[in-house]
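The chain contents come next:
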Amino acid sequence: MVADLAHSWLTRSAPVAAAQAAGRPLVALESTIIAHGMPYPENVRTAREVEALIRSLGAEPATIALIGGRIRIGLSDEELELLARSGGQAHKVSRRDLPAVLAGGGLGATTVAGTMICAALAGIEVFVTGGIGGVHRGAPESFDISADLQELAKTSVAVVCAGAKSILDIGLTLEYLETHGVPVLSCEQDNLAAFYTRDSGFRADFRLDEAAAQARFIRTKWDLGLAGGVVLSTPVPEAAAMPREEIDALTRQALAEAKAQGIAGKAVTPFLLARIKALTGGRSLATNIALVKHNAEVGARLALALAHAGRGAEAQ
Ligand code: PSU
Ligand code: MN
C-alpha cells in the first residue's frame, strides 16, 4: 500500500518507461551536481555528455529531480537546462527535504541520498554520481555527517563514485559505513579513491575490477535480504587527477574560509566545491567532469552486468 502511494508521485520520461518495459538496464543520475555542484554551462554540458555516454554503452540514463510536485525519473533537455540555469536557486533535496519540496511543488535537485530514495522507488539499481557525502572534518564538534551515509545504510541502490572528497574525513566516513554494514568496493585499485585525487590512503573493503564480479557481489547481498546500498569507488583517470599536496592545501584554506564565514548545514559542500574551483583557477572543475564521466562508464557496465546476473545461488 505504502509503495503504491509512493509510486503515485513518480513520473517517468518516455525513454525511461520504454527501457524499463523492455527490461533494459538503467542508470540513475543525480541533479544536485547540476544545480549546486558545477557552474553553468559546464554543468548542463556535462549532464548531457554523461547521459550520451551511458546510452552509447547500452544502458538508459535517468536523471532524477523534483519538478512541479512530481518525482521525475528521466529529464528532457529543457529540464536539464532549467536545473543548470537555476543558479543554485533549486532546493537541494536530501531525505529531510523531499516531502517539503514535493508538497510545495518547487524545483528540487536531489542529492545522493535524495536520488537513492527516488531511484529505489523507480526500481533502478545503479546510480552514478561524482563523490558521496560523508563525515566532515571536525564532525566530532560540528556533528556534520552527510545524510548520504544513512541512506546508504538502508536503501538498496549501488552508488558508483570516485570515493569521497578530501574535504571530508575519509577515515571516519569509512568507519561510519562499516558500522552500518555498507560494503565499499573498489575497482582499478585497492584503495578508496579521493575524488580529485586517485588515492585516499585508505583501503576499500573489497577490490573487484570486473563488472560481472561487482554484479555478483551486489546481487548476493540483496538476495540475502541485506537491504542497503553498496559503494563502488573508481579513481579519476590519471591524466585528469590533481596533485594531492595542492588539493590538500587548498582544501584546508577553503575549510578555514567556510568556518570564518559561518557556513553551515547543507551550504557547506557547495561552498567548498565552489571555493576549490576558484582557488584552482577552474582546474578542479575539469577534474570533476572527467571523474564523473569515468564513473558513468563504470556504472553503465555494472548496470549491464546486473541485468545479466541471475538471482539465487544456482545462478552463480
Ligand atoms: N559531490 C560532488 N558534487 C556534488 C555533491 C557531491 O562532487 O555536488 C553533492 C551530492 O549531491 C551529495 C551532496 O549528495 O553534495 C552532499 O551534501 P551534504 O554534504 O550536505 O550532505
Ligand atoms: Mn552536511
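Our subject in this report is the structure included herewith.

## Observations regarding the packing of helix α9 (residues 147-154) against helix α10 (residues 170-179)
At a minimum axis separation of 9 Å, α9 and α10 run at an interaxial angle of 30°. One element, α9, and the other, α10, form an angle in the roughly parallel class. Read as a crossing pair, α9 and α10 show a hand that is right-handed. Two secondary-structure elements touch here, α9 through Leu 149, Gln 150 and Leu 152 and α10 through Thr 173, Tyr 176 and Leu 177.

## Some details on the site of ligand 1
In the region of ligand 1, 15 residues are neighbours, and Glu 30, Ser 146, Asp 148, Lys 165 and Phe 195 sit closest. Within the side chain of Ser 146, an N or O atom sits 2.7 Å from an oxygen atom of ligand 1. Calculation on ligand 1 without its partners gives an accessible area of 470 Å², and the protein chains cover 94% of this total. For the shell around ligand 1, the secondary structure elements donating two or more residues are α3 (32-37) and α13 (268-279). When residues in the shell around ligand 1 are grouped by element, the largest group, 3 residues, is from α3.

## Observations regarding the nonpolar core
Ranked by internal contacts, the top residues of the largest apolar core, which has 101 residues, are Ile 73, Ile 132, Leu 152 and Leu 302. No other element matches helix α14 (residues 283-308), which puts 11 residues into this core. Contacts of Ile 73, omitting those with residues within four sequence positions, involve Leu 10, Thr 11, Arg 12, Ser 13, Val 16, Ala 62, Thr 63, Ile 64, Cys 118, Ala 122 and Ile 124.

## Focus on unusual backbone geometry
Cis rather than trans, the peptide bond between Tyr 40 and Pro 41 has omega equal to 5°. Within the secondary structure layout, Pro 41 lies in the loop between α3 and α4 (42-56). Residue Phe 143 is not a glycine yet carries a positive backbone phi of 65°. Looking at where Phe 143 falls in the secondary structure, it is placed in the loop between α8 (139-142) and α9. The phi dihedral of Phe 195 falls on the positive side, at around 65°, and the residue is not glycine. On the basis of relative accessible area, Phe 195 is assigned to the buried category, the value being 3%.

## Considering the environment of Pro 140
Position of Pro 140 among the secondary structure elements: in helix α8. Residue class for Pro 140 comes out exposed when judged on its relative accessible area of 62%. Pro 140 sits 19 residues away from Val 159 along the chain, and the two C-alpha atoms are 26 Å apart.

## Observations regarding the pairing of strand β8 (residues 158-161)
On a regular strand, each side chain points to the face opposite its neighbour's, so the side chains alternate between the two faces of the sheet. Residue alternation in β8 divides its side chains into two sets, Ala 158 and Val 160 and Val 159 and Cys 161, and both sets are buried. As paired strands, strand β7 (residues 126-128) and β8 are joined by 3 bridges and run parallel to one another. Within β8, the position partnered with Val 128 by the bridge is Val 160. Relative to strand β11 (residues 230-233), β8 is paired through 4 bridges, and the arrangement is parallel. Residue Cys 161 lies in a different strand from β11, and its bridge partner there is Ser 233.

## Let's talk about the pattern of salt bridges
The full count for this structure, using the stated rule, is 19 salt bridges. Between Glu 60 and Arg 24 there is a salt bridge; the shortest N-O distance is 3.2 Å. In this pair, Glu 60 is assigned in strand β3 (residues 60-67) and Arg 24 in the loop between α2 (14-21) and β2 (26-29), connecting sequence segments 36 residues apart. Among the residues examined, Arg 24 registers a relative accessible area of 37% and is labelled partly exposed. Taking the shortest distance from any N to any O, the salt bridge between Arg 48 and Asp 77 comes out at 2.9 Å.

How each quantity is defined
- Residues numbered from 1 in each chain as written.
- Chains lettered and ligands numbered in written order.
- Predicted model: local features only at pLDDT ≥ 70, side-chain atom pairs only at ≥ 80, totals over all residues.
- Heavy atoms only, no water.
- Axes fitted to C-alpha atoms, helices over the stretch in contact; angles between N-to-C directions.
- Helix = DSSP H or I, 4+ residues; strand = E, 2+ residues; numbered from the N terminus.
- Parallel < 35°, antiparallel > 145°, perpendicular 65-115°, else oblique.
- Left-handed = near helix turned anticlockwise from the far one by under 90°.
- Contact = heavy atoms within 4.5 Å.
- Near = heavy atom within 4 Å.
- Polar contact = N/O pair within 3.5 Å; in protein donor to acceptor, adjacent residues only side chain to side chain.
- Areas by Shrake-Rupley, 256 points an atom, 1.4 Å probe, with all protein chains shown as cover.
- Core = buried A, V, L, I, M, F, W, Y, C linked by side-chain atoms within 4.5 Å.
- Buried < 20%, exposed > 50% of the residue type's maximum accessible area, 1.4 Å probe, protein only.
- Pairing = 2+ DSSP bridges.
- Salt bridge = Lys/Arg side-chain N within 4 Å of Asp/Glu carboxyl O.

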